[in-house]
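Residue-level structural notes
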Amino acid sequence: MNDPGEAPGGPGIPARWTSSAKSGVGTALGEHGRVWFTISHGILNEIYYPRADQACTRDLGLIITGPGGFLGEEKRQAVHEVTTPSDGVPAFHLTSRCPDSRYSIEKTIIADPSREVVLQRVQFRALEGSLDDYGLYALLAPHLGNAGAGNTAWVGECKGIPMLFAERDGTAVALACSTDWLARSVGFVGSSDGWQQLRADHRLAHRYTRATNGNVALTGQIDLDATGGDFMLAVGFGRSAAEAGHRVAASLWDGFDAAFEGYTAEWRDWQSSLAAPAPVRAGTRDLYRVSTAVLLTHESARFPGGMIASLSIPWGYAKGDHDLGGYHLAWPRDLVESAGGLLAAGAHEDVHRVLRYLAVTQEPDGRWPQNMWLDGTPYWPGIQMDETGLPILLVDLAHRHGAITDDDHARLWPMVRRAAAFLVQHGPVTEQDRWEEESGYSVYTLAVEVAALLAAAEFAERHEPALGEYLRETADAWNASIERWTYVEDTALAREVGVDGYYVRITPADAASPLVGTLTINNRRPGEGVIRAADLVSPDALALVRFGLRAADDPRIVNTVKVIDATLKVDLPPGPVWYRYNGDGYGEHADGAAFDGVGIGRPWPLLIGERAHYEIAAGRLDVAADLLDAYGNFANDGGLLPEQTWDQDDIPGRELYRGKPSGSAMPLVWAHAEYVKLRHSLADGVVFDMPPQPVARYQQGQTGTPFACWRFDRVAATIPMGQVLRIELHAAATLHWSTDHWATTHDTPTRDTGLGMHVADLPTGHLAVDTHVDFTMHWHDADRWEGHDFRTTITPATPGTP
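Residues numbered from 1 in each chain as written. Predicted model: local features only at pLDDT ≥ 70, side-chain atom pairs only at ≥ 80, totals over all residues. Heavy atoms only, no water.

**Regarding the overall build of the protein**
- Helices and strands together make up the secondary structure of the protein, namely 19 helices and 35 strands.
- Its C-alpha radius of gyration of 29 Å places the protein within 12% of the 28 Å reference for a compact globule of 802 residues.
- Dimensions of the protein along its principal axes, counting C-alpha atoms only, are 105 × 55 × 50 Å.
- Looking at the protein residue by residue over its 802 residues, the buried ones come to 63%.
- The contacts in the protein between residues at least 6 apart in sequence include a share of 68% that link residues at least 24 apart.
- For the protein, the accessible surface area stands at approximately 28200 Å², while carbon and sulfur atoms represent 49% of it.
- Charged side chains of the protein number 66 positive and 104 negative; the gap between the two group centres comes to 2 Å. (Helix = DSSP H or I, 4+ residues; strand = E, 2+ residues; numbered from the N terminus. Rg over C-alpha atoms; globule rule 2.2 N^0.38 Å. Buried < 20%, exposed > 50% of the residue type's maximum accessible area, 1.4 Å probe, protein only. Contact = heavy atoms within 4.5 Å. Areas by Shrake-Rupley, 256 points an atom, 1.4 Å probe, with all protein chains shown as cover. Lys, Arg positive; Asp, Glu negative; His and termini not counted. Charge placed at Lys NZ, Arg CZ, Asp CG, Glu CD.)

Following this line, the structure appears as structure tokens:
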């Protein structure tokens, strides 16, 4: 027998990931649910271990050889179907049929509930000829520790059981079959791996025993005669090859049936604890149970409450080790939205874990990282103010629905306090908007910030009442400025649609006139690097209604909805869907090629849910129910919702079909959370997660603000007549000021708000139009003057704001 030892051709071709178009995701519950598996194209894709942000494989599939030089690979050539044995249980039954009717493959895939192993029960059937005519090979591509490079593979055994192994940087994988292998080999991808050998010789002509430090693949031939075509494959993980091998051996010993029973029982118990959803319309696709399962599947067992955005790598087939796409990370925004979905389903204990996770991953200054590894290590460096405000709103929502006790209320107050302090110190401008691109006044972020400050003020009443007044005053001032910062009138677009004006998506904070400035838009098509802020439209404006700041029938909201529909709505075969903003560049190229830093944004099914919630707020439940129907239609055969859907003519060669998922993330956990919340909202006839404080204060109470606020980063060059000029500083000072060109002067010390801001209110409400207020400040701690004079001018009062 040929045994050449080390495989040639190292380190292999550059590693790539695989399709993001998952048809299933799963994990075991309980203490041992420490592997997360994904399914696409009839095979296993990424398996994550020891936590949900660490991908360890690219894929594990079968290759078939047969008479007449036949060579088939199930993921590329077979026709696939996926079903689940039980609704809401992420165990998957896959059927792959050869298009030439040569063979069929049936698999049931689960995670072993007792150990870190993924199990497949496989049935291979010869539809033409007999089993003796075929060779069947399992091909595993390890990408241990989020990397396809630097893996070492070898042929070995564990206590006499023949296996295939790979290891990288303290993480190991073992692959075994319930029967002995007929042949095994390891090699470098693109040169000496099993696929290359089978393509050349239809057999493992060279049985290499080791492939060191590269992009490797493991191949094992299954003994079809010994198994009759029925066998089990086990792929397990550990900190060492011995640990991984031991776990695989134990799973083989226990057998598939025992693991399947335990796995499904855990999931059924959890699903039975949830609130039963109201029935959907006849003929409507019901995604409730699959959506709740998707939510919980994305939680990490090692970091309870930590949930990643997606068990997928967008356009993974075009991405290598250093371009994972940022989705198997914890994003505080997505995490809060996911927890909101769990709360809507009645999963109070699971939401409690999320709150604890947020509490221990909060930065000392009160914010959360833009995104982070599950241990809390920041990944991207951006600061997004909505990601600081949303956890406050989650605490408030959980409290209102009884998911936290009074003791929890007290324990979470320090987290809420720090987050609120960060908001008042650094808001309302966000460094980036919620779609991770521009900075400035974001209408979505403003809605979150104002609502969060009001919720925090309510919390403060129970713990530090003195803080509540300033939090509400700040919220009022920002709320009253929303239209000045983000609402435009009499633009070309407004005239084209036939409305007076509309809310824009974001405006640059440093523009002299925010509503006429231009913004640099990242990831846009060549030649379209800037866009006027006044022309930038997004469904984000609906957040003003979702978070209770504006009524659904507010004329400005109604106008904006008309502009959104005229600019961003598209009707696809499954139903209506919306783009996230005009000029979006995050999506495939025009020819369907993968997003590579530039592209064309495609519609987001998530936005159907956001629009449906607006319709509920407007009292149009029938319209919202129609949108729920469309929402479900955008799911794939496995019930998973994509981040984006393809909006152009079919491109079969790229697996792009109009109205079907694009190459973006799938599943997008946030989209499933929004679906669950929408089901709850429709059943109750009210928006599930709308905070009541802004509704009471701004819609019912019509509360305005007496203050015009001045900060170094938000200079108020003019203020309306009748308002008090509030100077907000980050340190204690005395304001030295005058209203008659320094003929007479006044000194007003700042007061400490207790939230990192020091404020002085100058009595300017009685001053006449065109009066100049000149001021400077003496800093207490540094015992120095600022050395520069500032001026604010009184202007005529404008028509009332909310």
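From this point, things continue past the structure.
**Notes on the sheet that holds strand β11 (residues 151–158)**
- Here 9 strands make up an open sheet; going across it, the order is β6-β7-β8-β9-β17-β13-β12-β11-β15 and the pairing antiparallel. Of all the strands in the sheet, the pair left with one neighbour each is β6 (79–83) and β15 (210–214). If you compare each strand with its neighbour and ignore which way they point, the axes differ by 20 degrees on average.
- In the packing of helix α4 (residues 241–254) onto the sheet, contacts are made with β9 (117–126), β11, β12 (161–168), β13 (171–177) and β17 (230–238), and the angle to β17 comes to roughly 145 degrees.
- Packing of helix α5 (residues 256–272) onto the sheet brings it into contact with β8 (103–111), β9 and β17, and relative to β8 it is tilted by some 55 degrees. (Pairing = 2+ DSSP bridges. Axes fitted to C-alpha atoms, helices over the stretch in contact; angles between N-to-C directions.)

**Some thoughts on the pairing of strand β5 (residues 70–73)**
- The alternating pattern of β5 places Phe-70 and Gly-72 and Leu-71 and Glu-73 on opposite faces, both of which are buried.
- In the sheet, strand β4 (residues 57–66) pairs with β5 via 4 bridges, with the strands oriented antiparallel. The residue bridging Ile-63 from the neighbouring strand is Glu-73, located in β5.
- Turn length for the β4-β5 hairpin, with the two strands adjacent in sequence and antiparallel, is 3 residues, and the turn residue Gly-68 shows positive phi of about 70 degrees.

**Some points on the sheet that holds strand β32 (residues 758–762)**
- One open sheet accounts for 4 strands, arranged β26-β28-β32-β31; its pairing is mixed. The two strands at the open ends of the sheet, each matched to only one other strand, are β26 (707–710) and β31 (751–752).
- Examined bridge by bridge, β26 and strand β28 (residues 724–729) share 4 bridges and lie parallel to one another. The residue bridging Phe-707 from the neighbouring strand is Val-724, located in β28.
- Set on the sheet, helix α12 (residues 465–486) makes contact with β26, β28, β31 and β32; between it and β28 the angle comes to about 115 degrees.

**Some words on unusual backbone geometry**
- Omega for the bond connecting Gly-10 with Pro-11 falls within 30 degrees of zero, at 0 degrees, which places this linkage in the cis form.
- Relative to the assigned elements, Pro-11 resides in the segment before β1 (24–27).
- Residue Gly-427 is joined to Pro-428 through a cis peptide bond whose omega torsion reads 0 degrees.
- One can find Pro-428 in the loop between α10 (406–426) and β18 (441–442).
- In this model, Asn-213 sits at a positive phi of 60 degrees, which is unusual for a non-glycine residue.
- For Asp-783, which is not glycine, the phi torsion reads 50 degrees and is therefore positive.
- Look at Asp-783 and you get exposed, because its relative accessible area is 58%.

**Overview of the packing of aromatic side chains**
- Applying the stated criterion across every chain yields a total of 24 aromatic pairs.
- Plain terms: the ring middles of Tyr-444 and Phe-547 are 6.0 Å apart, the flat faces sit at 80 degrees to each other, and that makes the pair edge-to-face. Highlighted residues: Tyr-444 in helix α11 (residues 443–463) and Phe-547 in the loop between α14 (543–546) and α15 (555–568), separated in sequence by 103 residues. The burial state of Tyr-444 is the same as that of Phe-547; both residues are buried. (Phe/Tyr/Trp six-rings, centres within 6.5 Å; stacked < 30°, edge-to-face > 60°.)

**A look at the environment of Leu-656**
- With respect to the element layout, Leu-656 can be found in the loop between α17 (621–633) and α18 (669–684).
- Sequence-wise, Leu-656 and Tyr-614 are 42 residues apart; in three dimensions their C-alpha atoms are separated by 30 Å.
- In this structure Leu-656 touches Glu-588, Gly-592, Trp-646, Asp-650, Ile-651, Pro-661, Ser-662 and Gly-663, once residues within four positions along its chain are discounted.

**Details of the pattern of salt bridges**
- For the structure on display, the rule yields 51 salt bridges.
- Residue Glu-116 pairs with Arg-34 through a salt bridge whose shortest N-O separation is 3.8 Å. Taken together, the residues Glu-116 in the loop between β8 and β9 and Arg-34 in the loop between β1 and β2 (36–40) connect sequence positions 82 residues apart.
- On the accessibility criterion, Glu-116 (5% relative accessible area) is buried.
- Connected through salt bridges with shared partners, the residues Arg-34, Glu-116, Arg-239, Glu-243 and Arg-247 form a single ionic network. (Salt bridge = Lys/Arg side-chain N within 4 Å of Asp/Glu carboxyl O.)

**Details of α5**
- For α5, with 17 residues, the first-to-last C-alpha span of 24 Å sits near the 24 Å given by 1.5 Å per residue.
- Residues of α5 that are buried include every one of Phe-256, Ala-259, Tyr-263, Thr-264, Trp-267, Trp-270 and Gln-271, and no others. The arc that holds every buried residue of α5, seen down its axis, measures 120 degrees, which confines them to one face. For α5, the exposed residues set more than 90 degrees away from the buried face come down to Asp-257, Glu-261, Asp-269 and Ser-272. (Expected span 1.5 Å × (residues − 1). Arc of directions from axis to C-beta.)

**What to know about the confidence of the model for the protein**
- With 95% of its residues at a pLDDT of 70 or more, the protein shows a mean pLDDT of 93.
- With pLDDT under 50 throughout, residues 511–530 is counted as low confidence; its partners more than four residues away or in other chains account for 60 contacts. (pLDDT = per-residue confidence, 0-100.)

**Here's the deal with the pairing of β17**
- Counting buried residues in β17 gives 8 out of 9 residues, a clear majority hidden from the surface.
- By the bridge criterion, 7 bridges tie β9 to β17 in an arrangement that is antiparallel. Across the sheet, residue Val-122 finds its bridge partner in β17, namely Phe-231.
- By the bridge criterion, 6 bridges tie β13 to β17 in an arrangement that is antiparallel. Each bridged residue has a counterpart across the sheet, and for Cys-177 the counterpart in β17 is Leu-233.

**Looking at the state of the cysteines**
- Across all of its chains, the model carries 0 disulfides by this definition.
- Here Cys-158 stays unpaired: no disulfide links it, and the sulfur of Cys-177, its closest cysteine neighbor, is 16 Å away.
- With a relative accessible area of 11%, Cys-158 lands in the buried category. (Disulfide = S-S within 2.5 Å.)

**A look at the side chain of Ser-300**
- Examined against the element boundaries, Ser-300 turns out to sit in the loop between α6 (288–297) and α7 (332–344).
- Taking the relative accessible area as the measure of exposure, Ser-300 reaches 1% and is therefore buried.
- Beyond its immediate chain neighbours, meaning those up to four positions away, Ser-300 contacts Trp-36, Arg-51, Ala-52, Gly-305, Gly-306 and Leu-374.

**Details of helix α16 (residues 606–617)**
- Here α16 is 12 residues long and its end C-alpha atoms lie 17 Å apart, about the 16 Å a rise of 1.5 Å per residue gives.
- Buried residues dominate α16, accounting for 11 of its 12 residues.
- Three or more residues of α16 are buried, namely Leu-606, Leu-607, Ile-608, Gly-609, Glu-610, Arg-611, Ala-612, His-613, Tyr-614, Glu-615 and Ile-616.
- Of the surrounding elements, those touching the buried residues of α16 are α14, α15, β25 (575–578), α17 and α18.
- Where α16 terminates, the next one or two residues include Gly-619, which has phi positive at roughly 85 degrees.

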